[in-house]
Amino acid sequence: MNTILKRVIRYGSRGDDVVHIQQMLNKAVSTKPELVTDGIYGTKSATRAKHFQRNSQLTADGIVGPKTWAKLIALLKNILGVPPVVRKRSINSIYSAQYPQSILFPSNSTGVTDGQ
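Residues numbered from 1 in each chain as written. Predicted model: local features only at pLDDT ≥ 70, side-chain atom pairs only at ≥ 80, totals over all residues. Heavy atoms only, no water.

Below, the discussion takes up the overall build of the protein chain. The helix and strand inventory of the protein chain stands at four helices and four strands. Its helices and strands taken in sequence order, the protein chain reads α-β-α-α-β-β-α-β from the N to the C terminus. Within the protein chain, the proportion of its 116 residues that are buried is 35%. Here the protein chain has roughly 6,600 Å² of accessible surface; of this, 53% comes from carbon and sulfur atoms. (Helix = DSSP H or I, 4+ residues; strand = E, 2+ residues; numbered from the N terminus. Buried < 20%, exposed > 50% of the residue type's maximum accessible area, 1.4 Å probe, protein only. Areas by Shrake-Rupley, 256 points an atom, 1.4 Å probe, with all protein chains shown as cover.)

Following this line, the structure appears as structure tokens:
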């Protein structure tokens, strides 16, 4: 799979790619309540990422780098049965993995606020 990853996500990161990570972690880790997809990678997002990393036999540092991205994408591919489609999003050449809206935006999105 030829996926273009934007950057390494770590505590304090903000942006659309953080929203994607938060959405992916909500699907990949069954811990409730779900993360609020606010685009702020704070303590709660890092803790959820560490949980995913431990379960995936990765170094549990809370940093979402190439190995964690790859494991998340592979897991979602297995859940969805199809790989994510990489698509150009804007004029400044930001790329992101796009998933069906039903996976990324559940109808009842209650959860914990991140970035505190």
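That covers the picture; the talk isn't over yet.
On to the nonpolar core. Core analysis: the largest hydrophobic core is formed by 16 residues, its most contacted members being Ile9, Ile21, Met24, Leu25, Tyr41, Val64 and Trp69. Secondary-structure elements contributing two or more residues to this core are α1 (16–28), α2 (43–55) and α3 (66–80). (Core = buried A, V, L, I, M, F, W, Y, C linked by side-chain atoms within 4.5 Å.)

Looking now at the side chain of Gln53. Note on placement: Gln53 falls in helix α2. Once residues lying within four places of it in the same chain are set aside, the contact partners of Gln53 are Leu58, Thr59, Ala60, Asp61, Gly62, Ile63 and Thr68. (Contact = heavy atoms within 4.5 Å.)

Spanning 13 residues, α2 covers 18 Å between terminal C-alpha atoms, matching the ideal 18 Å at 1.5 Å per step. For α2, the set of buried residues is Ser45, Ala46, Arg48, Ala49, Phe52 and Gln53. Mapping the buried residues of α2 onto a view down its axis gives an arc of 160°, with all of them on the same face. The exposed residues of α2 that point more than 90 degrees off its buried face are Arg54 and Asn55. After α2 finishes, the residue Gln57 shows a positive phi value of roughly 55°. (Expected span 1.5 Å × (residues − 1). Arc of directions from axis to C-beta.)

Moving on, we get to the confidence of the model for the protein chain. Mean pLDDT over the protein chain: 75, with 63% of residues reaching 70 or higher. The secondary structure element of the protein chain with the lowest average pLDDT is strand β3 (residues 95–98), at 40, and the one with the highest is α2, at 95. In this model, residues 86–116 is a region of pLDDT below 50 whose contacts with residues beyond four sequence positions or in other chains number 69 contacts. (pLDDT = per-residue confidence, 0-100.)

As a further point, take the environment of Gly42. By the secondary structure assignment, Gly42 is in the loop between β1 (34–35) and α2. Taking C-alpha positions, Gly42 is 5.4 Å from Tyr11, a pair spaced 31 residues apart along the chain.

Another point: the environment of Val64. For Val64, the location among the structural elements is in the loop between α2 and α3. Each C-alpha atom, one on Val64 and one on Arg10, is 6.4 Å from the other, the two residues being 54 residues apart in sequence. Dropping the residues within four chain positions of it, Val64 is found in contact with Arg7, Val8, Ile9, Ile21, Tyr41, Ala49 and Trp69.

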